Amino acid sequence: MSEPIFVDLSESKPTEIESLCMKCQENGITRILLSKIPHFKEIIIMAFECPHCGFRNNELQSAGSVNERGHTITLSILNKDDMNRQIVKSDYCSLKFIELDMEIPANRDRGLLTTVEGLVSNAIDDLSAGQPIRKATDEAVYNRIEEILATMNEYKEGKPFTLVLDDPSGNSYVENRCLPSQDPQIKLRWYTRTAEQQAFLGLQSDQTPAEEAATRAAQVVASEMVNEDGIPEVMTFPANCPSCHAPCSTNMHVMEIPHFKEVVIMATNCEHCGYKSNEVKAGGPISDKGRKITLRMTDAEDLSRDILKSETCGLSIPEINLELTPGTLGGRFTTVEGLIRQVHDELKDRAPFIQGDSASEEGKKRWNKFLENLTAVADGQRFPVTLIIDDPLSNSYLQNLYAPDPDPEITIEDYERDWQTNEDLGLNDMKLDNYQES
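Going by what an unreviewed UniProt entry lists, the chain is known as Zinc finger ZPR1-type domain-containing protein and is assigned to Rhizopus azygosporus. UniProt lists a comment for the chain under the heading Sequence similarities (unreviewed entry), and it reads "Belongs to the ZPR1 family." Taken verbatim from the UniProt record of the chain, the Function (unreviewed entry) comment is "Acts as a protein folding chaperone for elongation factor 1-alpha."

Caption draft 1: Inspection of the sheet that holds strand β11 (residues 161–167) at higher detail. Read from one edge to the other, the open sheet built from five strands follows the order β9-β8-β11-β6-β13, with strand pairing classed as antiparallel. Strands at the two margins of the open sheet, each flanked by one partner only, are β9 (102–104) and β13 (186–191). Neighbour to neighbour, the strand axes of the sheet diverge by 15 degrees on average, direction disregarded. Looking at chain direction, strand β8 (residues 94–97) and β11 are connected through four bridges and run antiparallel. Looking at β11, one finds that S94 is bridged to D166. Those strands touched by helix α1 (residues 116–129) are β6 (70–77), β8, β9 and β11, and its axis lies near 90 degrees from that of β11.

Caption draft 2: Fine view of the packing of aromatic side chains. Summed over all chains, the structure comprises five aromatic pairs. On the basis of an interplanar angle of 50 degrees and a centroid distance of 6.2 Å, the ring pair of F48 and F55 is categorised as tilted. Residue classification places F48 among the buried residues on the basis of a relative accessible area of 12%. A ring pair is formed by Y155 and F161, whose centres lie 4.1 Å apart and whose planes are at 20 degrees; its orientation type is stacked. Exposure remark for Y155: the relative accessible area of 2% places this residue in the buried category. Through a chain of ring-to-ring contacts, the aromatic side chains of F97, Y155 and F161 assemble into a single cluster.

Caption draft 3: Molecular detail of the pairing of strand β18 (residues 290–297). Here six bridges tie β18 to strand β25 (residues 410–415), and the two strands are oriented antiparallel to one another. In the strand pairing of β25, G290 is matched with Y415. Relative to strand β23 (residues 385–391), β18 runs antiparallel, the two being bridged by seven bridges. Bridge pairing in β23 links K292 to D390.

Definitions and limits used
- Residues numbered from 1 in each chain as written.
- Predicted model: local features only at pLDDT ≥ 70, side-chain atom pairs only at ≥ 80, totals over all residues.
- Heavy atoms only, no water.
- UniProt positions renumbered as here; feature names shortened; annotations may be inferred.
- Pairing = 2+ DSSP bridges.
- Helix = DSSP H or I, 4+ residues; strand = E, 2+ residues; numbered from the N terminus.
- Axes fitted to C-alpha atoms, helices over the stretch in contact; angles between N-to-C directions.
- Contact = heavy atoms within 4.5 Å.
- Phe/Tyr/Trp six-rings, centres within 6.5 Å; stacked < 30°, edge-to-face > 60°.
- Buried < 20%, exposed > 50% of the residue type's maximum accessible area, 1.4 Å probe, protein only.

See the structure below:
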């Protein structure tokens, strides 16, 4: 069996090749490293250095598949210490400095593994390069850029500002210094890519044959096709494995959850690599209110409760400082224990900076302690704890063991969504009355 091309960072060694320096036209050395970072799967790191003129350059390219959705990361820089936050910027990521109203489009720089200070320094170098020519040809533009350069140099000294990374591939990352808790200085928003963004990523904007088959299957299921026993059939349609990209099958079934609503369950099982996944989509109209469900877990029986977590649902366990933002893990239909173990596995693989050489010993200990607490809850060794699921669309469900009577361990709170939540969900732009009018 052949050795894998991409290996873990701890096991990988760079390959050195001689290449031309674009600054002095002499030969320098390019080091190429094929490796895996938990959040990004496979990546290619390239670093060039010229011994003749001292020119150095580095870039990062993602070798794995893009995420299903794009995302926007908003980082608030409060002091000079925040300039040391590590950042992974993919090839498709654009940067925007809010206070300066300045945007660096995607592909202006290639993929980078750097810090906030590194991004600011790169921007300063790029803007400074053409200043002598601008001073001679357009003094007004020259003066405006000098003001921007002065402000960006103040950023390097600790002046607060806001940085936004917009990546339709979903493969950019900003270091979270509050792990395992949510970083209050980082706001992450996932979104569905537009047709233009699909084309920008080189993805097919039209439906693939597998997607067309899925659409047809959904239409058949939606028509409530049943078998001879009156039970809705499980529909199967072709797809590609998200892990190894080999052809596989996805099963889809519509079911009615008692005392809740109708949901669509999709499950994928790859025979080639063993990959398994399940996803849940809620059916029916959008609820008028959001819903927060609080479960006080007191014994191991609570771990066996069925739980449906929708794509828009956030999850938290305050006793162990667990807090997941909406969109994490996607839709899931499992048990409480299964969901906690999935959270453990996902978080363990999605913290690229907390386990590397750049992480502090204190940070590593805090992170390992958090994972141990999460495992203890899943194993039923830590009670009582409180499980909170907060879904602004009210599409999540937690099994009531006393149904149809109220469960004494469950508290349900319905609430009005605020304007920003509706904006993030795309509800403010929906026109429900007289929508056929132009």
